[in-house]
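The primary structure of each chain is shown beneath.
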Amino acid sequence: MHLYNHFWKMLKANKSGLVIYGIIMLVMIVVIGVAASRSFTNVGDDESFTKDVKISYADYDESELSKAIIAYLSVDNTMYDFGDKTEEEINDIVYFSVSEFHFYIPEGFEESVNNDGEMKVEYVTGAGESSYAYTVSNAINSYVNLYRNYMAIGYSSEEAIEKTTDIITKRPDISVYTTETAGDGAMGKEWCVYQVVLFLAYLTVGMIMLSAGVVILKSGKTNIRKRISAGPVSHESTTISDTLGLYTFGFVIWAIIMAGLYIFAGETSLMKERGLILGLALISVILCNCSITAFVTSFKLKSNSLSMIANIVGLSMSFMTGIFVPQWFLGESVLNFGKMLPFFWYVKALNIIYPECGAGYIYNQTEVLKSLGILLLFAVAFSLLSILVRKTRKA
């Protein structure tokens, strides 16, 4: 218990760094939240797209479902069939805004949807057309999700298409980006919560490494280690106390963040219906970040080296797993590599928890728990590696 208290005393002694990084983290959360709330608004049940979008497509499936999606999008937008164009030509067409949004419907798409497969509509959009990307992709996802629901309750494919088209053209569930302030609308708050929780994976790994991680490194310095070893205290007791303090610090961060989320958006359906599983996802990634910190600090490092490692780890995983760039914008090779990183499974879990993000998922608690299970396996792996490195160094 004395060593555990010693950990917190050293953390308090490092309060200047903790306060500075805490302020940076808070400012980034506020900026992300404000940007998200200002950029999102709900169009409403009786409206469609806010403007005519120039959409091009390539239908390689040519199924009844793909044709129905194209027909649905054709109601309010200008459509171009560019199925005969090459990939290079499509990139040029989008770049020069001949088409503001181009999507591919892959062969076997309807069959995949009917069998709960993961095949998705792929799209290309210009760098300055993110609002169109969200609007049109969300419209496609809404159509497919509603179609799947009708199929799940026993309708045939033809009946499901007919009912989906009838319902969604009357009451489309479409959300768009706009420069207008969303105010205190529930949809705007939910989008804000999603964006903040998404970026917390990156923010917490830096905060934990550069606060609790620094304390662990300091406790491993020769002079401090000699003072501790002068008493009846084993090396294992010191390691256990530091580890316990590290994970306790992670739980404290989680509790503060969850309290803030419930204060800000506790009345929204996202927090009411899925707040617990959202909290489970957040504590899972924080525990994983604690384990990464335990592994990194098991080596003999200096504080400035730890800062560099924290930036490399946080930035690289965030870029390659869908935190800074949405997963549906990343290439297949990047996603395949990203699956070997823990943040990928955290992002996937959040995308399933909040299907309105536009990733094309349907809320499925089992799939969320699978992703979080893989994330926690990464946490266990890093913890075991840290124990192995410490024992090797001791030997």
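Residue positions are given per chain, counted from 1 along the sequence in the order it is written. pLDDT decides what is reported in this predicted model: residues at 70 or higher carry local features, side-chain atom pairs at 80 or more are listed and counted, and totals for whole chains, interfaces and linings draw on all residues regardless. Here the side-chain values reflect all heavy atoms present in the structure, with hydrogen atoms and water set aside.

Notes on the layout of surface pockets
Considered as a void within the structure, the largest pocket measures approximately 1700 Å³ in volume. Cavity means a closed set of points on a 1 Å grid over the protein atoms alone, one where a 1.4 Å probe fits but cannot get out, pocket means an open set with protein on both sides within 12 Å along at least 5 of 7 lines, and lining means a residue has an atom within 4 Å of a point. Lining the largest pocket are 48 residues, with E118, M119, K120, A359 and Y361 sitting closest to its centre. Each helix is a run of H or I in the DSSP string that is no shorter than four residues. Each strand is a run of E no shorter than two, and both are numbered from the N terminus. Sorting the residues of the lining of the largest pocket by element identifies α4 (87–95), α5 (109–114), β5 (122–125), α6 (130–152), α14 (332–338) and α15 (342–353) as the ones contributing at least two each. Ranked by the residues each element gives to the lining of the largest pocket, the list is headed by α6, at 9 residues. Residue classes in the lining of the largest pocket are distributed as 24 nonpolar, 14 polar and 10 charged. Grid points are joined across faces, edges and corners, and a volume is the space filled by probe spheres set on the points. Residue classes follow a fixed rule: Ala, Val, Leu, Ile, Met, Phe, Trp, Tyr, Cys and Pro count as nonpolar, while Asp, Glu, Lys and Arg count as charged, and any other residue, Gly among them, counts as polar.

Some thoughts on the packing of aromatic side chains
To pair, rings of Phe, Tyr and Trp, with the six-membered ring standing in for Trp, must have centres within 6.5 Å; the planes then decide the type, stacked if under 30 degrees apart, edge-to-face if over 60, and tilted in the middle. If you walk through the whole model with that rule in mind, you get 15 aromatic pairs. Judged by centre distance (5.2 Å) and plane angle (70 degrees), the ring pair of Y202 and F324 falls under edge-to-face. With Y202 in helix α8 (residues 186–209) and F324 in the loop between α13 (303–321) and α14, this pair connects stretches of sequence that are 122 residues apart. Owing to a relative accessible area of 17%, Y202 belongs among the buried residues under this scheme. Taken together, the aromatic side chains of F199, Y202, F319 and F324 make up a single cluster linked through ring pairs. Sitting above the plane of the F264 ring, K189 keeps its charged end 5.4 Å from the centroid. Throughout this description, buried means an accessible area under 20% of the type-specific maximum (1.4 Å probe, protein chains only), exposed means over 50%, and partly exposed covers the range between. Should the NZ of a Lys or the CZ of an Arg lie within 6 Å of a ring centre and within 35 degrees of the ring normal, that charge is described as sitting over the ring.

Thoughts on helix α16 (residues 365–394)
Residues that lie three or four places apart on an α-helix share one face, since the helix turns once every 3.6 residues. The end-to-end C-alpha distance of α16 is 43 Å, a good match for the 44 Å that 30 residues give at a rise of 1.5 Å each. Here α16 has its buried residues at V368, S371, L372, L375, F378, A379, F382, S383, S386, V389 and R390. Whenever two N or O atoms come within 3.5 Å, that pair is a polar contact, provided that in protein one can donate a hydrogen and the other can accept it, and provided that, for residues adjacent in sequence, both atoms are side-chain atoms. A side-chain oxygen of the first residue of α16 lies 3.0 Å from the backbone nitrogen of T366; this N-cap is N364. Expected span, for any helix, means 1.5 Å times one less than how many residues it has.

Comments concerning the sheet that holds β5
Strands are treated as partners if at least two bridges between them are detected by DSSP. An order of β3-β2-β4-β5 is seen for the 4 strands of this open sheet, with the pairing classed as mixed. With one partner strand each, in any of the chains shown, β3 (78–81) and β5 form the two edges of the open sheet. Mean inter-strand twist for the sheet, computed between neighbouring axes without regard to direction, equals 25 degrees. Sheet analysis places strand β4 (residues 101–105) next to β5, joined by 4 bridges and oriented antiparallel. By the bridge assignment, F103 is partnered in β5 with Y123. Here an axis means a line fitted to C-alpha atoms, over the contact stretch when the element is a helix, while the angle between two N-to-C directions is reported on a 0 to 180 degree scale.

Some remarks on the side chain of S157
Examined against the element boundaries, S157 turns out to sit in helix α7 (residues 157–170). Should any heavy atoms of two residues lie within 4.5 Å, those residues are considered in contact. Among all residues touching S157, those that are not within four sequence positions of it are E110, Y147 and M151.

Let's talk about the pairing of strand β2 (residues 54–59)
Where burial is concerned, most of β2 is hidden: 5 out of the 6 residues are buried. By the bridge criterion, 5 bridges tie β2 to β4 in an arrangement that is parallel. Bridged to D59 within β4 is I105.

Considerations on empty space enclosed by the protein
Enumeration according to the criterion identifies 1 cavity of 30 Å³ or more in this entry. Its boundaries defined by the atoms lining it, the largest cavity holds a volume of some 40 Å³. What lines the largest cavity is simply Y194, V197, L270, L278, L350, I353 and Y354. Grouping the constituent residues of the lining of the largest cavity by class yields 7 nonpolar, no polar and no charged.

Quick word on the side chain of S318
Checked against the element boundaries, S318 lands in helix α13. With sequence-adjacent residues up to four places away left out, S318 is seen in contact with Y202, I323, F324 and F343.

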